[in-house]
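Letter by letter, the chains look like this.
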Amino acid sequence: MITALLAACALPAIAAQRPAGASAEVPAGPELSAIDRVWSGHSARFALQVTADAIIVAYYDANRQLTVASRPRRSAAWVYQKLDSWLGWDSHNYTAMALDSTGQIHVAANMHGDPMVYYRSTVAGDVRTLARVRVMVDPAVEAKMTYPIFLRDGAGRLVYKYRDGSSGNGNEIYNVYDTATKTWTHLLQTPLTDGEGQRNAYFMGPVLGPDKYFHIAWVWRETPMAETNHDLSYARSRDLVHWERADGTPLPLPIKLSTAEIVDPVPVEGGMINNNTIIGFDPAGTAMITFHKFDAKGNTQIYVARHEAKGWRIAQVSDWQGFRWDFRGGGSLESRLFVKGAEPVGRDRIRVSVIRDGKPIDFLLDARTLKRLEEKPGVLLAEKLAGSIATPAGMMLNTVEDTSGIALAWPTRPPHRDLPSEDIPDPTVLRLVMPR
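Residues numbered from 1 in each chain as written. Predicted model: local features only at pLDDT ≥ 70, side-chain atom pairs only at ≥ 80, totals over all residues. Heavy atoms only, no water.

Visitor: What am I meant to see in the pairing of strand E15 (residues 200-208) here?
Guide: Side-chain positions along a regular strand alternate between the two faces of the sheet. Burial runs high along E15: eight of the nine residues are buried. Relative to strand E16 (residues 214-221), E15 runs antiparallel, the two sharing seven bridges. By the bridge assignment for E16, Leu208 is matched with Phe214. Hairpin geometry of E15 and E16 is characterised by an intervening segment of five residues between the two adjacent antiparallel strands and by a positive phi of about 70° at Lys212. (Buried < 20%, exposed > 50% of the residue type's maximum accessible area, 1.4 Å probe, protein only. Helix = DSSP H or I, 4+ residues; strand = E, 2+ residues; numbered from the N terminus. Pairing = 2+ DSSP bridges.)

Take a look at the structure:
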């Protein structure tokens, strides 16, 4: 999945030192190796694909050029391919990558309301055969593309989704790939949502749950200004084509604000932001949404939502005093909060993990009542690596993790509202993190 459209938190540089006379034997940490020198002027998420035989990485090199590199899992010999796209200053312009069922590599990147930037290999697994594809399905809806995501539908077919349009006025488009003909077609004959020229939906998901439904959560946003997010919404589908509310009632497409299932009617300037409405699951496999908004006192708090027999239950998870993230304006924000989806812990507990001002926090909830049982510091991969990877002052350590335990780590400055900085920092090293 796609977790995360979120960068890791800022971490200080920590030098690894051993007291005089101490044994040289230390607990074995992950194995680190350099991939390339990369752009560090601002964060833009890189992509990682791990197969049984290979590791493939898509990133922006020291000259901001989109690059795809691959190596066998049992060899350190990287093969590099430079592509004809260069990053500006926009942190929205992350890289997305997937392999189809025949092993062909698909890469989409460097888009924020821009014409499509998409490449496909012609020889399975061979990054050197990546070639630009100018049109995927219809150039009329591929001229202002943002938020590319690859996923698989219930039949295992490769699906590509993106936003057509701009913040405050965009539509969600789904395409599906046919490996036999090597062509894409629209999965839906209409956009999933319609902002009616007044707003657009910011989605998280789809996430395939234990119940075999795809679940999505989203906010509606009136303008490019982040404070205009409102009305947490939800839908689910078996096939990404036919959508319904949590109670099984069909949702006609395109979904509009007037027809959407509203989970929590958070108002404009209510403290809820796009990309922080994350799908997770409880021990019974029921979908939950983690998000944040202002409480009655104006403090920012973490909440979870779960659909039950009587409708949506909204439960406050945190009880922070004096913390208010009053985000405003456009461009990529230097976020004070990141949230993850709920995770089952045994049969009767739920873990909700967040990052607040760079510090990870884990909440433990009772699975039945959703009451908070515990709040304690969490642990991030970036923190585990802080003693091994020096993070220059003013930078943060970004990480991307695969379910295999293989990961990427690289320092950058944080987002800068998508505006140029007054200087350009030296490149940093993109490292492969291998579990021992």
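Visitor: Just to check I follow, could you spell out the pattern of salt bridges for this structure?
Guide: In this structure the tally under the stated criterion is 20 salt bridges. Through salt bridges with shared partners, a single network forms among Glu269, Arg324, Asp326 and Arg328. (Salt bridge = Lys/Arg side-chain N within 4 Å of Asp/Glu carboxyl O.)

Visitor: I would appreciate a short explanation of the packing of aromatic side chains in the present structure.
Guide: Each aromatic ring pair is summarised here by two numbers: the centre-to-centre distance and the angle between the ring planes. The full count for this structure, using the stated rule, is 17 aromatic pairs. Note on Tyr160 and Tyr162: the rings are 5.6 Å apart at their centroids and 35° apart in plane angle, and the pair reads as tilted. Its relative accessible area of 0% is what places Tyr160 among the buried residues. In this structure, Arg45 is placed above the aromatic ring of Tyr94, and the distance from its NZ or CZ to the ring centre is 4.3 Å. The ring of Tyr303 has Lys293 sitting right over it, with the charged end atom 4.8 Å from the ring centre. (Phe/Tyr/Trp six-rings, centres within 6.5 Å; stacked < 30°, edge-to-face > 60°. Lys NZ or Arg CZ within 6 Å of the ring centre and 35° of its normal.)

Visitor: I tried to follow the confidence of the model for the protein chain on my own but got confused; where do I start?
Guide: For residues with low pLDDT, the predicted coordinates do not support detailed interpretation. Here the protein chain averages 92 in pLDDT, and 93% of its residues register 70 or above. Segment residues 1-27: pLDDT under 50, and 45 contacts once partners within four positions in sequence are set aside and those in other chains are kept. (pLDDT = per-residue confidence, 0-100. Contact = heavy atoms within 4.5 Å.)

Visitor: I would appreciate a short explanation of the environment of Ile35 in the present structure.
Guide: Within the fold, Ile35 resides in strand E1 (residues 31-38). In sequence terms Ile35 and Ala76 are 41 residues apart; their C-alpha atoms lie 9.2 Å from each other. Residues in contact with Ile35, not counting those within four places in the same chain, are Val57, Tyr59, Trp78, Tyr80, Leu408, Leu430, Arg431 and Leu432.

Visitor: What is the right way to read the sheet that holds strand E13 (residues 169-178) from this model?
Guide: Each strand in a sheet pairs with its neighbour through backbone hydrogen bonds, running either in the same direction (parallel) or in the opposite one (antiparallel). Strand order in the open sheet made by the five strands is E8-E11-E12-E13-E14, with antiparallel pairing throughout. The open sheet has two edge strands, strand E8 (112-114) and strand E14 (183-186), and neither has a second partner. Strand-to-strand twist in this sheet, taken as the mean axis angle between neighbours without regard to direction, amounts to 40°. Across six bridges, the pairing between strand E11 (residues 145-152) and strand E12 (residues 158-166) is antiparallel. (Axes fitted to C-alpha atoms, helices over the stretch in contact; angles between N-to-C directions.)

Visitor: Explanation requested: the environment of Gln316 in the structure shown.
Guide: Among the secondary structure elements, Gln316 is positioned in strand E24 (residues 311-316). Separated by 49 residues in sequence, Gln316 and Pro267 place their C-alpha atoms 17 Å apart. Setting aside anything within four residues of it in sequence, one finds Gln316 in contact with Asp295, Gln301, Ile302 and Tyr303. In terms of polar contacts, Gln316 uses its side chain to reach the side chain of Tyr303, at 3.4 Å. (Polar contact = N/O pair within 3.5 Å; in protein donor to acceptor, adjacent residues only side chain to side chain.)

Visitor: Can you help me understand the sheet that holds strand E7 (residues 105-109) in this one?
Guide: Ordered in space as E6-E7-E9-E10, the four strands form an open sheet in which the pairing is antiparallel. Two strands in the sheet have a free side with no partner beyond their single neighbour: strand E6 (95-99) and strand E10 (131-132). Across two bridges, the pairing between strand E9 (residues 118-120) and E10 is antiparallel. Across the sheet, residue Tyr119 finds its bridge partner in E10, namely Arg132.

Visitor: Whenever I open this one, the side chain of Gln104 confuses me. Can you help?
Guide: Relative to the helices and strands, Gln104 resides in the loop between E6 and E7. Assessed through its relative accessible area of 9%, Gln104 is described here as buried. From its side chain, Gln104 meets the backbone nitrogen of Ala124 in a polar contact 3.5 Å long. Ignoring sequence-local partners within four residues, the contact set of Gln104 consists of Ala98, Leu99, Ser121, Thr122, Val123 and Ala124.

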